[in-house]
Each structure stands twice: as structure tokens, then as C-alpha cells.
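Coordinates in review
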Amino acid sequence: MMQRNGGGVGVGGQTWVLRRVRLTWLSFMLFFILVFFPLIAHYYLTTIDEAGGPDKRIFGPRPGGELCEAKHVQDLCRIRESVSEELLQLEAKRQELNGEIARLNLRIEACKRSIDSAKQDLLQLKNVISQTEHSYKELMAQNQPKLSLPVRLLPDKEDPGLPPPKSARSCRLRSCFDYARCPLTSGFPVYVYDTSSYSWGNNLDPLVRQAFASSVKSNIYVTENPSIACLYLVLVGEILESSPLPSPSELEKQLKALPYWRSDGHNHVLVHFSRKSMTQNFLYNVSTGRAVVAQSTFLEQQYREGFDLVVSPLVHALSEPNFLEVPPQVPVKRKYLFTFQGERVESLRSSLQEAPPQSVEEELEGDPPADYDDRIIGTLKAVQDSHLDQVLVEFTCKNPKPSLPTEWALCGEREDRLEVLKASTFALVIAPGDGQLVASAGCGMRLFEALEVGAIPVVLGDHSRLPYHQFIRWTEAAIIVPKPRVTELHFLLRSLSDNDMLAMRRQGRFLWETYFSTSENVLNTILASIRTSIQVPAAPIRDEPAHEIPHKAGKLAGTDANLADNGDLDLGPVETEPPYASPRFLRNFTYTAADTYRAWNRAPGPFHLFPHTPLDPVLPSEAKFLGSGTGFRPIGGGSGGSGKEFQAALGGNVPREQFTVVMLTYEREEVLMNSLERLNGLPYLNKVVVVWNSPKPPSDDLLWPDIGLPIVVVRTEKNSLNNRFLPWDVVETEAVLSIDDDAHLRHDEIMFGFRVWREARDRIVGFPGRYHAWDVNHQSWLYNSNYSCELSMVLTGAAFFHKYYAYLYSYVMPQAIRDMVDEYINCEDIAMNFLVSHITRKPPIKVTSRWTFRCPGCPQALSHDDSHFHERHKCINFFVKVYGYMPLLYTQFRVDSVLFKTRLPHDKTKCFKFI
């Protein structure tokens, strides 16, 4: 069994092998036939064609159209030609259809743009309607119509006359002034008599006459039409010492002969400027009727309280004061605690005009006052001898100046007196010994010199009438002490703190600069005193006219992806508001009628002298802004919260407001175009004002981006960085964003800065911070741009400020500062920080932003020059000299959102408020 099985297996294996061999052989033969047979056939046929020649070819290609000669292929050739023709026609139709499709696509895109533009116009119209409805509701809530510059009303040519007062010495404005000639909207026209039109005009001091004529020429209220005048100005003094004084009766006749005197001189002002300590009071015993008398010297019987004006002496007749020669206001304490140099005039000389019914000497001798002068001399000498403090008192003079009876004569020359006052913390001003002499040119001269050099005046004698005392609160700039308290004077002066003394010195400097320093200021103050008394608003300040440069708008501006990425912050409402100007002229009357004290004593500029701004002024410490306290609820404000409903409105205390971008540029067109394009889609933007600072106009082929808002290009008269802060008339909003053409700010950063500024409208609010530092080694100030934990300046290359400061910078700030900016082509931002800090006594506000805000790849600006920082060091020290002290203040905080770095739910967003 074993063997059979094994044999069976062997036979079967051999059979399988044989089958395998046969299949392999068969496969090889099939492969040979299929591969090599076609090759052999092809070779054979080709050899036959080549041997037979080209004419005998069977399989090779035929030349020309021989193939078509064959009958069996002619039909195929015709079919091929017909198909080729049809293909060409179809290709032409295809190209034509493609062109038509492209044209239709263009029309579709144009229609889409038209639809988008129509939608935008529709949204704008809806917003305008909504705004109009809201404005109507506001006006109805306020019961106040929209105001504009009042229509000017002028007086009638016919003068109806006034009923005579009981006595000329009982004159008051209500009884002796014709209000009918001065309507509230008259503009306060003033007619000035020519000094050559009356007989004693030729005897006036030439310096006084020239200074008066120069001041009149530059005054905005002066008119040449006497028939519409509210006020008539007559210069009556100072008369030359060599010229004879007219008698009272003769002077009365000459006054009545004035063409517009109208029998009693109502609405006339007799101005007597004093250049010497002893002036001729030749108007005493002269019946001036209802005319206002403005002079430096008055007797009690002569002075009509609330009607006549005590004015300051005219020290700088034609020359302007040199601010660089004025000593600094710090250190507060100087070499001497107080000083006084003077000699008492014992005899009653005939220094004033004697005339019936009673001479000045008789007037003074008839009522002798209690004489404290001996006690004053003894007390001050005792303080000097005690050596508790270094004081300087001298009661005898080598060369005393002529003075009025019972008055203290000035000693020496003016330059010598100023040198002593520069070393004095306080300067004593002793009132005349006789109480009937309520105001004198000598006291006015001492007061002027003390304020000029920063010595705090100490007036001994509370009966004296200081210049413009009805309007100026002298207790904020001087110490007024009754003479019986002279024994306590030393204790009083030593008890004052340095901060109080510095505040009084600063206020005195403000009063001196504003009211006393020049003949123009003195004349303006006289007119402003009367205008304020009769409650006529000041004339509006002029805006700088903008000479626009025509330009072509190009394609619609796109939105920078980096600027559009604002995270989870909503920047504004869904609908873009149309341009909305800030309300103007809302305080035409109230600013004059209700804020008289603040305007004269707290304002940073001479607002009562200077025309008022159409926009509300920003005043320190007690600022009142447009929209606040109006009695209606602000849009989006007061509801709190942190969601999108809050972000959809601007919020704050002003219902509706926009801002204007002012961008200074100089021959960097590509950089400028990129910066303008980045403003596309910025909420609450009113317009963009480009200050073209180059003498070359923009390129003719320059296409300006269309950002959906006006872009006004303003041509300047010269290349000056001061042009950045000119109050252009095209800027119609209170909020101004001053920005460099190479500044690179995100929209959310700009909006955050705007919201912060709305809650601190009297401050500069911006992004790049800097600070000043004291160099101990060189005893000077330095400008520093290093990162620090405190700052004192915010650069105006990217900052918000109130347009009001543009008026102050351009028209009120000392010209020497603007000249320095033009000389170095630098420091205008430092000058603006000095100005605002000087006015508000507050530091600027820095808001959160990126560390670097300059655009990458922009050409280098002036700030990259090596001399840039050296010039800024010089600017700071120069500005300190002009102001007399360092007005910049340090701050150690910046402003962030209330919910800054706070984890919030996904349906909440951060608030734009500051901490």
C-alpha cells in the first residue's frame, strides 16, 4: 500500500511538469508571432515603397492634394473644409459672446456700485431725517432756537435826548448813559475824535498821542461813522509840562463845542493817560456832564463810583515789553521779604489845578484824615532793625520824583527801582496820607512796576481804588491791608505759603500782560470795561480763512485690514452719521452777562478785550461745555452696561458730536495718500483738513482717495509748523485731532482717544507721551523721549484738543514763541503743551496705544535729524523764560477702558471709559 501510493504520486508529478512546459512553449510562440511578425511586415512594406520610387508608393504619404484626386476621398475633403469653416465661425461667435459677457459683467458691477451708492444715500437721508427729528426734540426740550451770529442793529441817527440827572456827580450808567445807542447786537461801534479837531489836542504829549493813534488803528470796534457810534472817545491828556493848562471854564466850552457832545456829553469817554507819577488833574472842578472820565488820579469828590474808570499809567507808550527781561516767577522767595523806597510829600503844593468853587488844597485841608504814616515808618524800621528777615525800606530819596500832596514820591530812576523789585518777594504800595485822594498815578506806577517784575504788591490803605477794581479781584494778585494793621504786616507776610505766593505772582503776571503792559491793552481795557458794564457781547473772533486747493478724487478708498481688525470692539453706530458741525454762538449773551468775573479774572486770555470765539471757550477749574447741563438725556449715556447697545452710541455728556482731522504735510504725497486712505470708515469723522505746508502745489495727476467725507486741502502763506494750529474756518467742530501724515493709528485707538477727550475737554488727549527733566549739572531743562513712569507732554502729532486752543495759540500766546518755532522749524507741539498747561494747570492725558505709531517704510521726518533734540532742549528753556516759570505738570497715569483686561462673556464688549 505504501509503495503504490508513492508510485502514484511520482507519476502525477511528472504529468504536471509536462503540462507546465507545454504552456510555457505555447506562450513564447504567441509572443514571438505577435511582436516580431508586425515588425517584419513593416520593414518589408517600407522596403518595397523605397525601391519603387516616390511615384510607386503605396503606403507612404502623397505630396500636394493628390489624395483628394482620388474619388473615394473627395467627399471627405469637402467635409473637412466645411467643418473647418464652421469651426472658424463658431470661434468668432465665441469670442464675440465672451466680449458681450465681459461688458455685461462690467454693467453688473456698475449697477452693484450704483445700488450700494443709492443704499448709502438712502441711509444718509434716513440719518439726516433722524438727526433733524432729534434736533427738533432737543430744541423743544430746551425751548431755544438754533442760534447764529446776531444780526447787527444800529442806533437811530436822531438822538432823542435824556432827562437831566439831579447832579453831575451823581451820574451812574442807568441815569447818564444812553443805552439806546448801544443795542446788544450793535457790535459796540466806537468813534474816536481826531486830536487835531480840538484846540488843546496839539498840546498833548507826542508819545501819548502816537501811542493812542496806534492803538485806535488796530482796534476792531473803532468806526469812522459817528452817526452809528455807541461810544465817543476823546483823548484829553497828558498835556506837555511846557504847555499852559486850559482853565476849567475854557475847557468846558471846548468840550461842549465837540460836534457830537449833544449838550451833556452822554456816551462820551474822556481819556487821560499818565506817563509820570505826578499828573495834571485838570479835569477837577470841570463840569464833564454825562461823559465818563478815565484817568489815573481821582479825588473822592470827583470820582463817580460805577461810572468813572481808574486806569493804569501808560508806562510803555510805544515800546513793547521784552518778556525775556522779565525775571522768572520761581524761586518764590527772593532776597528781600519786602521792600519800599519813597519819600513822603509833606507840603500841599499846587500840583493840581486850582479853581472855584474850591481848590484841591482846600478840599484836602477841610477834612484831615487820621495820619498813620508816622506809625508806618516806625514799624517798618523796627522790622528792618530786627534782622528777622532781610527787608529794604528807605524813606528818603536822593532824587525824588514830583508827586501829589500827601503821597509817597518815587525814588530814583525806573531802571534802579526795577532792580530792587526783582530781588523782592513783596513790594509795599503805601496809599496817600489823605483819604480823599482815592487814586493816584504814583500808586498806579508802583503797582505797575511790582506786577511787571513779579513782586507781589502789598497795598497799605484799603480806601485806595486800584485800576479797574470793578472787574478785577485784586485780592487774588495783591495783599490789601488797612493801615492800622501795619504792626501785623510782618506776621501776615511770613504766614503765606509758597503755593499761595506763586499763585498770586502768576495772577499778577496775567493781569499785567493782559491789562497794563502796552498802550493797546490799556485802551482795549477801557473799552472793554464800558462794554462789559452795559452788557454788550464782544465781537466774534475771526477764523483763519482757508484758501482751498482744488483736487481730484480718485477711486474709493479701501479699508486697511490692520485698521479694520478691532477685535470685539464696536467703534460706532451701524449707520455712518453725516457731517455735523458743533453748535455755535450758544453763549452770545450769557458769557458777558453771567460770567463777568470769570472772564476778567480766570480766563486764560483777555476775552472781554479779545473777541469771543464762536465755539464755547474752555475755562479752567470750572469749565462749562456745550451740551452739558441741558436737561435732556445724552444719547447712549447714563445707561451703563457693557454690551453692544452701549457701543452703538457715542455716550458721554454731549448728545451728538464729531471731530475734524487736521493733517500737516510737506511734499510727501504717497505717504499722505496712504494716511488719508486709512481714515476711510472712521466713525464720527466730520472732515479732513490737509494743511499743505509746501510752496509747491500738489501734482496735477495726483488722485486723492474718496473716503466718503470732505477732504479740504488748505494752501498756506509760508512753510511754518504754526500752521498746524491756525483756527481754520473750515474746522466746524470743537474736537480737533491733530495728526502727522506718517502717523499710523488704528480706528479703535482713535475712537478711544475721542471718547476720553469728550470727558476731559480742557486737556490735550493723545498717544505719544514725553516729559521734561531738570539738568542739575547745567542748571537747565531737558526734553526727554525715553520711556518713563511719568509724562508731562503729549505730542500733537497724534492728539485731540479743543479748537479754542487754536485761537489762543495763534492770537494770544506771545509772538516770541511762534517766532522760535519758525526759527527752528520745531517745537510747535511743546509750545501747545506749555500753553494748555499754563491755562488749565493740569497735565495732558495719555491714552493706551501701541508702542510705535509711525507708519513702517515712511520717509524720515524732521524728528530723525540729529539736531532735533538739541533744538527741543533750547525751546523748553526759552519757553520757560517767556512764561516766567515751568508750566508743565507731571502725571503718572494713563487712561484705559473701564473693563480693560476683564474677562467678559462673549455677548459683552469693553467700554470706552477711562479710569
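Calculation notes
Residues numbered from 1 in each chain as written. Predicted model: local features only at pLDDT ≥ 70, side-chain atom pairs only at ≥ 80, totals over all residues. Heavy atoms only, no water. Helix = DSSP H or I, 4+ residues; strand = E, 2+ residues; numbered from the N terminus. Buried < 20%, exposed > 50% of the residue type's maximum accessible area, 1.4 Å probe, protein only. Contact = heavy atoms within 4.5 Å. Core = buried A, V, L, I, M, F, W, Y, C linked by side-chain atoms within 4.5 Å. Patch = residues over 30% accessible without salt bridge, like charges linked within 9 Å, V, L, I, M, F, W, Y side chains within 5 Å. Areas by Shrake-Rupley, 256 points an atom, 1.4 Å probe, with all protein chains shown as cover. Salt bridge = Lys/Arg side-chain N within 4 Å of Asp/Glu carboxyl O. Pairing = 2+ DSSP bridges. Axes fitted to C-alpha atoms, helices over the stretch in contact; angles between N-to-C directions. Parallel < 35°, antiparallel > 145°, perpendicular 65-115°, else oblique. Left-handed = near helix turned anticlockwise from the far one by under 90°. Nonpolar A, V, L, I, M, F, W, Y, C, P; charged D, E, K, R; others polar. Phe/Tyr/Trp six-rings, centres within 6.5 Å; stacked < 30°, edge-to-face > 60°. Disulfide = S-S within 2.5 Å. 1 Å grid on protein atoms, 1.4 Å probe; cavity = no way out; pocket = protein on both sides within 12 Å on 5 of 7 lines; lining within 4 Å. Points joined across faces, edges and corners; volume = space filled by probe spheres on them.

A word on the overall build of the protein
- A count of helical and extended segments in the protein gives 23 helices and 28 strands.
- Here the protein holds 915 residues, and the buried ones make up 51% of them.
- In the protein, of all internal contacts separated by at least 6 residues, the share reaching a separation of at least 24 is 79%.

Some points on the nonpolar core
- Of all hydrophobic cores here, the largest spans 81 residues; its most connected members are Phe188, Trp200, Leu233, Val269, Phe273 and Ile526.
- Sorting elements by how many residues they give to this core places strand S3 (residues 231-237) first, with 6 residues.
- Setting aside chain neighbours within four positions, we find Leu233 in contact with Val190, Tyr191, Val192, Tyr193, Phe212, Val269, Val271, Leu523 and Leu527.
- Counting residues in each nonpolar core, the second largest holds 50 residues, with Val689, Val714, Met832 and Val836 among its members.

Concerning a nonpolar patch on the surface
- Taken together, the side chains of Leu26, Leu30, Phe31, Phe32, Ile33, Leu34, Val35, Phe36, Phe37, Leu39 and Ile40 define a hydrophobic patch exposed on the protein surface, amounting to about 1,100 Å² of accessible area.
- Leu34 sits in the exposed class, given a relative accessible area of 64%.

As for the pairing of strand S18 (residues 659-665)
- Counting buried positions over the 7 residues of S18 gives 7, a clear majority of the element.
- Residues Phe659, Val661, Met663 and Thr665 line one face of S18 and the alternating positions Thr660, Val662 and Leu664 line the opposite face, and both faces are buried.
- In this sheet, strand S19 (residues 685-692) lies alongside S18 in parallel orientation, the contact comprising 7 bridges. The partner of Met663 across the bridge, within S19, is Val690.
- Sheet topology places S18 next to strand S22 (residues 735-740); 6 bridges connect them, and they run parallel.

Notes on the sheet that holds strand S23 (residues 765-766)
- Reading across the sheet, the 8 strands line up as S16-S21-S19-S18-S22-S27-S23-S28 and stay open at both edges, with mixed pairing between neighbours. The sheet terminates laterally at strand S16 (547-548) and strand S28 (845-846), the two strands that pair on one side only.
- Two strands pair when backbone bridges link them, and S16 and strand S21 (residues 711-715) are joined in this way by 2 bridges, in the antiparallel orientation. When the bridges of S21 are listed, Glu548 appears paired with Val714.
- Its contacts with the sheet put helix H19 (residues 747-758) on S18, S22, S23, strand S27 (798-802) and S28, and the angle it makes with S27 is roughly 25°.

Section: helix H18 (residues 669-677)
- Buried within H18 are the following residues: Val671, Leu672, Met673, Ser675 and Leu676.
- The secondary structure elements touched by the buried residues of H18 are S18, S19, strand S20 (703-706) and S21.

Topic: the pattern of salt bridges
- Taken as a whole and judged by the stated rule, the model has 34 salt bridges.
- With a closest N to O distance of 2.9 Å, Arg304 and Asp308 form a salt bridge. In terms of burial, Arg304 and Asp308 fall into one category: buried.
- Put simply, Arg894 and Asp896 hold a salt bridge, and the shortest N to O gap is 3.6 Å.
- Accessibility expressed as a relative area gives 39% for Arg894, which makes it partly exposed.
- The structure contains a network of salt bridges with shared partners spanning Arg344, Asp373, Asp374 and Lys483.

Observations concerning the packing of helix H22 (residues 828-840) against helix H23 (residues 868-883)
- Taken N-terminus to C-terminus, the directions of H22 and H23 make an angle of 30°; their axes are 10 Å apart at the nearest point. Here H22 lies roughly parallel to H23, going by the angle between them. Here the hand of the crossing between H22 and H23 comes out right-handed. From H22, Asp829, Ile830, Ala831, Phe834, Leu835 and His838 reach across to H23, where they touch Arg872, Ile876, Phe879, Val880 and Tyr883.
- Class assignment of the residues belonging to the contact of H22 with H23 gives a composition of 8 nonpolar, 1 polar and 2 charged.

What to know about the packing of aromatic side chains
- One pass over the structure, following the stated rule, counts 31 aromatic pairs.
- Ring geometry for Tyr684 versus Phe754: centroids 6.5 Å apart, planes at 40°, classification tilted. Of this pair, Tyr684 sits in the loop between H18 and S19 while Phe754 sits in helix H19, placing them 70 residues apart in sequence. In terms of burial, Tyr684 and Phe754 fall into one category: buried.
- What links up through ring pairs into an aromatic cluster is the set Tyr468, Trp474, Phe510, Tyr515 and Phe516.

Some details on the state of the cysteines
- For the coordinates displayed, the defined rule picks out 4 disulfides.
- Disulfide pairing is shown between Cys171 and Cys176; the S-S distance is 1.9 Å. Taking the sign of the S-S torsion, about -80° here, the bridge from Cys171 to Cys176 comes out left-handed.
- For Cys171, a relative accessible area of 0% gives the class buried.
- Taking the relative accessible area as the measure of exposure, Cys176 reaches 0% and is therefore buried.

Details of the sheet that holds strand S14 (residues 456-460)
- Here we have 5 strands laid out as an open sheet, ordered S10-S8-S12-S14-S15, and parallel in their pairing. Looking at strand neighbours, the two that pair on one side only are strand S10 (392-394) and strand S15 (479-481), the edges of this open sheet. Strand-to-strand twist across the sheet, computed as the mean angle between neighbouring axes with direction ignored, equals 20°.
- In the sheet, strand S8 (residues 336-341) pairs with strand S12 (residues 424-430) via 3 bridges, with the strands oriented parallel. Paired with Thr339 across the strands is Ala427, a residue of S12.
- Along the sheet, helix H8 (residues 373-386) makes contact with S8, S10, S12 and S14, crossing S10 at roughly 140°.
- Contacts from helix H10 (residues 441-453) reach S8, S12 and S14, with the element oriented near 170° to S12.

Side note on empty space enclosed by the protein
- Counting across every chain of the model gives 9 cavities of 30 Å³ or more.
- In terms of lining, the largest cavity is formed by Thr339, Phe340, Gln341, Leu410, Arg417, Val420, Leu421, Ala427, Leu428, Val429, Arg446 and Glu449.
- Elements supplying a minimum of two residues to the lining of the largest cavity: S8, helix H9 (414-422), S12 and H10.
- Partitioning the lining of the largest cavity into residue classes produces 7 nonpolar, 2 polar and 3 charged.

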